[in-house]
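Chain and residue survey
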Amino acid sequence: MEKFLTLTSTLVPLPIENVDTDQIIPARFLKATSKDGFGDNLFRDWRYDSNNQPIPGFILNNPTYSGSILVAGKNFGSGSSREHAAWAVAGYGFRVVVSSFFADIFKGNSLNNGVLPVVVSESFLAEIFAAVHADPKATLTVNLEEQTITNNVNGAVETFQINAYKKNCMLNGFDDIDFLLSNKEKIETWELQQ
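Residues numbered from 1 in each chain as written. Predicted model: local features only at pLDDT ≥ 70, side-chain atom pairs only at ≥ 80, totals over all residues. Heavy atoms only, no water.

A closer look at the packing of aromatic side chains
Cut-off, in case you're wondering: Working definition: a ring pair exists when centres of Phe, Tyr or Trp rings (six-membered ring for Trp) sit within 6.5 Å. Plane angles under 30 degrees give stacked, over 60 give edge-to-face, the rest tilted. Starting at the N terminus, helices and strands are each numbered in turn, a helix being any DSSP run of H or I of at least four residues and a strand any DSSP run of E of at least two. Each residue is assigned to one of three classes by its accessible area relative to the maximum for its type, calculated with a 1.4 Å probe on protein chains only: buried under 20%, partly exposed between the two thresholds, exposed over 50%. Lysine and arginine charges are scored as sitting over a ring when NZ or CZ, respectively, is within 6 Å of the ring centre and within 35 degrees of the ring normal.
In the structure shown here, the tally under the stated rule is 9 aromatic pairs. For the pair Phe76 and Phe106, a centre-to-centre distance of 5.3 Å together with 80° between the ring planes defines the contact as edge-to-face. Pair noted here: Phe76 is in the loop between strand E2 (69-72) and helix H3 (84-92) and Phe106 is in helix H4 (residues 104-112), with a separation of 30 residues, a long-range link. Phe106 matches Phe76 in its accessibility class, with the two residues each being buried. Through a chain of ring-to-ring contacts, the aromatic side chains of Phe43, Trp46, Phe58, Phe76, Phe102 and Phe106 assemble into a single cluster. Of note, Arg44 hangs over the ring of Tyr48, and the distance from its end group to the ring centre comes to 4.2 Å.

Right under this line is the structure:
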């Protein structure tokens, strides 16, 4: 995985609540076992019509908005436990998803796939949506080491929580295997002492 330290980016606003994993990546795309191509089908049924033509009103089809941060409404990633949803978010190019609430399994899958889920208060989330609607070039800064998110439009800052192990992995660009390998000498030393 790529290391995550600090990210400043424009954002894509998706002010929809209760977005479930079937809306993130429809079940018909779950046959693949490789992560390749999932980003192309992120929000597939919202992005494209039955003739595979882009739906102009959907935010990912609007060139006004871009960036590495997806800002979503409350309760993002609910529903089935498909890891493919995190694959699709990462495959599209998002490094951070901001919401006021995430489903636990989606949150874990995201962290395992290099996407940082940042939980903010509902008032902070509303301020972000207001800022980006007023100026599509508005940016956010996410600092993982300090566990802060900054709305660069008004300077407002909130802290967010993250599991210490997952934080360490993201800061170092480790998946679970990389983490074990990074501790190989400590493990071998411990085994010799037993």
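Looking at the nonpolar core
Filter applied, for reference: Throughout this description, the term nonpolar core refers to a set of buried Ala, Val, Leu, Ile, Met, Phe, Trp, Tyr and Cys residues connected via side-chain atoms within 4.5 Å. Contacts: residue pairs with any heavy atoms within 4.5 Å of one another.
Of all hydrophobic cores here, the largest spans 49 residues; its most connected members are Phe43, Phe76, Val98 and Leu116. Residue contributions to this core peak at 5 residues, all from helix H5 (residues 122-134). The contacts of Phe43, once residues within four sequence positions are left out, are Leu14, Val19, Gln23, Ile24, Phe58, Leu60, Leu70 and Phe76.

Things to note about unusual backbone geometry
Most peptide bonds take the trans form, and the phi angle of most residues other than glycine is negative. One non-glycine residue, Asn18, adopts positive backbone phi at about 60°. As for its position among the elements, Asn18 is in the loop between strand E1 (6-14) and helix H1 (21-24). The phi torsion at Gln147 lies on the positive side, around 55°, for a residue other than glycine. Checked against the element boundaries, Gln147 lands in the loop between strand E5 (139-143) and strand E6 (148-151). A residue is classified by how much of its surface remains accessible, and Gln147, at 16% relative accessible area, is buried.

Describing the pairing of E6
What counts, and what does not: Two strands qualify as a pair provided DSSP detects at least 2 bridges between them.
Of the two faces of E6, the one holding Thr148 and Thr150 and the one holding Ile149 and Asn151 are both buried throughout. Relative to E6, E5 runs antiparallel, the two being bridged by 4 bridges. Across the sheet, the residue bridging to Thr141 is Thr150, located in E6. A loop of 4 residues connects E5 with E6, the two strands running antiparallel in sequence, and Gln147 in this loop sits at a positive phi of about 55°. Two strands pair when backbone bridges link them, and E6 and strand E7 (residues 157-159) are joined in this way by 3 bridges, in the antiparallel orientation. For Thr148, the partnering residue across the bridge sits in E7 and is Thr159.

Quick look at the sheet that holds E7
For the record, the criterion: Between the N-to-C directions of two axes lies an angle of 0 to 180 degrees, each axis being a line fitted to C-alpha atoms and, for a helix, fitted only over the stretch in contact.
Pairing in this open sheet of 7 strands is mixed, and the strands run E4-E3-E2-E1-E5-E6-E7 from one edge to the other. Single-partner strands in this sheet number two, and they are strand E4 (116-119) and E7. Shown here is a sheet whose adjacent strand axes are inclined to one another by a mean of 30°, direction ignored. H5 contacts E1, E2, strand E3 (96-99), E5, E6 and E7 of the sheet and is inclined by roughly 80° relative to E1.

A look at the side chain of Arg44
Selection criterion: For the purpose of counting charges, residues Lys and Arg are taken to be positive, whereas Asp and Glu are taken to be negative. His and the chain ends are not included. A carboxyl oxygen of Asp or Glu within 4 Å of a side-chain nitrogen of Lys or Arg is what we treat as a salt bridge. Counted as a polar contact is a pair of N or O atoms within 3.5 Å, where, for protein atoms, one must be capable of donating a hydrogen and the other of accepting one, and residues adjacent in sequence contribute only when both atoms are in side chains.
Considering the arrangement of structural elements, one finds Arg44 in helix H2 (residues 44-47). Buried charge without a partner: Arg44 forms no salt bridge, and the closest opposite charge is Asp45, 5.7 Å away. Reaching out from Arg44, the side chain makes a polar contact with the side chain of Asn52 at a distance of 2.6 Å. Excluding residues within four positions of it along the chain, Arg44 makes contact with Gln23, Pro26, Arg28, Phe29 and Asn52.

Some thoughts on a nonpolar patch on the surface
Going by this rule: The patches reported here contain residues having more than 30% relative accessible area and no salt bridge. Joining distances are 9 Å for like charges and 5 Å for nonpolar side chains (Val, Leu, Ile, Met, Phe, Trp, Tyr). Using the Shrake-Rupley algorithm and a 1.4 Å probe, accessible areas are obtained, with residue cover drawn only from the displayed protein chains.
Residues Ile177, Leu180, Leu181 and Ile187 make up a contiguous nonpolar surface patch of roughly 380 Å² in combined accessible area. Locating Ile177 in the fold gives a position in helix H7 (residues 176-182). Residue Ile177 is classed as exposed on the basis of its relative accessible area, which comes to 53%.

Focus on the environment of Val12
Along the chain, Val12 turns up in strand E1. Val12 sits 67 residues away from Gly79 along the chain, and the two C-alpha atoms are 22 Å apart. Dropping the residues within four chain positions of it, Val12 is found in contact with Ile59, Leu60, Tyr65, Ser66, Gly67, Ile69, Leu70, Val71 and Phe94.

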